[in-house]
Amino acid sequence: MTQIVSVDIAAHAERAVTRPQFADTMARLASTVCVVSSGSGSECLGRTATAVFSLSANPPSIVVSIKADSALADAISSRQGFSLAMLAQGQELVADAFAGRVAAANRYLVGVWADWPSGRPRLIGATAGLDCMLSASVLVGDHRLFVGTIIATETLDFAEPLLWSERQYQALERSAGFATPSGGRPLPSGAACPTI
């Protein structure tokens with residue numbers, strides 16, 4: 001049984017920064033670009049997301065943040081689970097498709113997809129993939145935080161993560177040691193995806 005909680009975060013809304021200030025500040029946060037999916041077969045729904053974080057190792061759990069009034073949030077709730085693909089460099093087209101540049105019905109035609117044993121979508125070539133059973137749901141503002149217990153994983157050793165920062169895709173620059181400064185570099189992709 002999934003626990004559902006609602007949290008009111010409007011207590012200090014009158015003191016909050018403006019939406020543009022928030023967006024400009026959060027643009028500095030570097031995150032792995034992910035695709036969150038739910039459903040199976042022709043009824044799969046998915047969306048690009050960067051609001052994803054590990055929660056606990058006992059039991060292994062992850063949290064994804066999804067717009068509360070979206071069809072994907074409804075699917076995760078009704079199907080009691082979701083899958084997550086952490087995208088690799090070179091999967092920018094997948095990120096763009098699931099960010100809304102491709103109609104929802106055609107998004108799974110971009111990239112190579114298979115199924116987890118649960119039937120949820122599994123992206124081939126992602127740096128990591130997870131299949132999760134829904135453990136809790138928390139309504140916070142206009143988003144719903146979904147806590148998933150991880151029931152299956154897959155990782156690729158040779159894949160580098162696709163990052164999102166400063167409103168564009170970024171790549172890691174690996175250094176030989178910690179003494180050498182390293183940082184991101186913009187990828188030579190097209191226009192930045194505005195909906196991540």
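Scroll up a little and you will see the structure.
Reading the values: rules and limits
- Residues numbered from 1 in each chain as written.
- Predicted model: local features only at pLDDT ≥ 70, side-chain atom pairs only at ≥ 80, totals over all residues.
- Heavy atoms only, no water.
- 1 Å grid on protein atoms, 1.4 Å probe; cavity = no way out; pocket = protein on both sides within 12 Å on 5 of 7 lines; lining within 4 Å.
- Points joined across faces, edges and corners; volume = space filled by probe spheres on them.
- Helix = DSSP H or I, 4+ residues; strand = E, 2+ residues; numbered from the N terminus.
- Nonpolar A, V, L, I, M, F, W, Y, C, P; charged D, E, K, R; others polar.
- Phe/Tyr/Trp six-rings, centres within 6.5 Å; stacked < 30°, edge-to-face > 60°.
- Buried < 20%, exposed > 50% of the residue type's maximum accessible area, 1.4 Å probe, protein only.
- Arc of directions from axis to C-beta.
- Contact = heavy atoms within 4.5 Å.

A.B. asks: What exactly am I supposed to notice about the layout of surface pockets here?
C.D. replies: Here the idea is plain: a probe the size of a water molecule rolls over the atoms and shows the empty space left. Of the pockets and cavities examined, the second largest pocket occupies roughly 170 Å³. If you go around the second largest pocket, the residues you meet are Gly41, Ser42, Cys44, Leu45, Ala104, Ala105, Tyr108, Leu109, Trp113, Ala114, Asp115 and Pro121. With 3 residues, the top contributor of residues to the lining of the second largest pocket is strand E8 (residues 113-115). Split into classes, the residues belonging to the lining of the second largest pocket amount to 9 nonpolar, 2 polar and 1 charged.

A.B. asks: What is the right way to look at the packing of aromatic side chains in this model?
C.D. replies: Centre-to-centre distance and the angle between the planes together describe a pair of aromatic rings. Inspection of every chain in the model, using the stated rule, returns 4 aromatic pairs. When the centroid spacing of 4.9 Å and the interplanar angle of 75° are considered together, the rings of Phe98 and Tyr108 count as edge-to-face. Within this pair, whereas Phe98 is found in helix H3 (residues 92-101), its partner Tyr108 is found in the loop between H3 and E8, the two being separated by 10 residues in sequence. When the centroid spacing of 5.4 Å and the interplanar angle of 50° are considered together, the rings of Phe98 and Trp113 count as tilted. Of this pair, Phe98 sits in helix H3 while Trp113 sits in strand E8, and the two are 15 residues apart along the sequence. Counting every residue linked through ring pairs, the aromatic cluster contains Phe98, Tyr108 and Trp113.

A.B. asks: Mind showing me how you'd approach helix H2 (residues 71-79) here?
C.D. replies: The α-helix winds at 3.6 residues per turn, so residues separated by three or four positions along the chain end up facing the same way. Looking only at H2, the buried set comprises Leu72, Ala73, Ala75 and Ile76. Here the buried residues of H2 occupy an arc of 160° about the axis, which is enough to place them on one side. Of the surrounding secondary structure, the elements contacted by the buried residues of H2 are strand E3 (34-38), strand E4 (45-49), strand E6 (60-67), strand E7 (81-86), strand E10 (128-140) and strand E11 (143-155). With its phi angle positive at about 60°, Gln80 sits one or two positions after the end of H2.

A.B. asks: Explain H3 here, please?
C.D. replies: With 7 of 10 residues buried, H3 is to be regarded as a mostly interior element. Restricting attention to buried positions, one finds in H3 the residues Glu92, Val94, Ala95, Asp96, Ala97, Phe98 and Ala99. Buried residues along H3 sit against E3, E4, E8, strand E9 (121-123) and strand E13 (168-172).

A.B. asks: For this particular structure, what's the right way to read unusual backbone geometry?
C.D. replies: A cis amide bond, omega 0°, links Asn58 with the succeeding residue Pro59. You can see Pro59 is positioned in the loop between strand E5 (52-57) and E6. Of note in this structure, Gln80 is not a glycine but carries a positive phi near 60°. Its location among the elements puts Gln80 in the loop between H2 and E7. Even without being a glycine, Arg167 presents a positive backbone phi close to 60°. Within the fold, Arg167 resides in the loop between strand E12 (163-165) and E13. A relative accessible area of 41% means that Arg167 is categorised as partly exposed.

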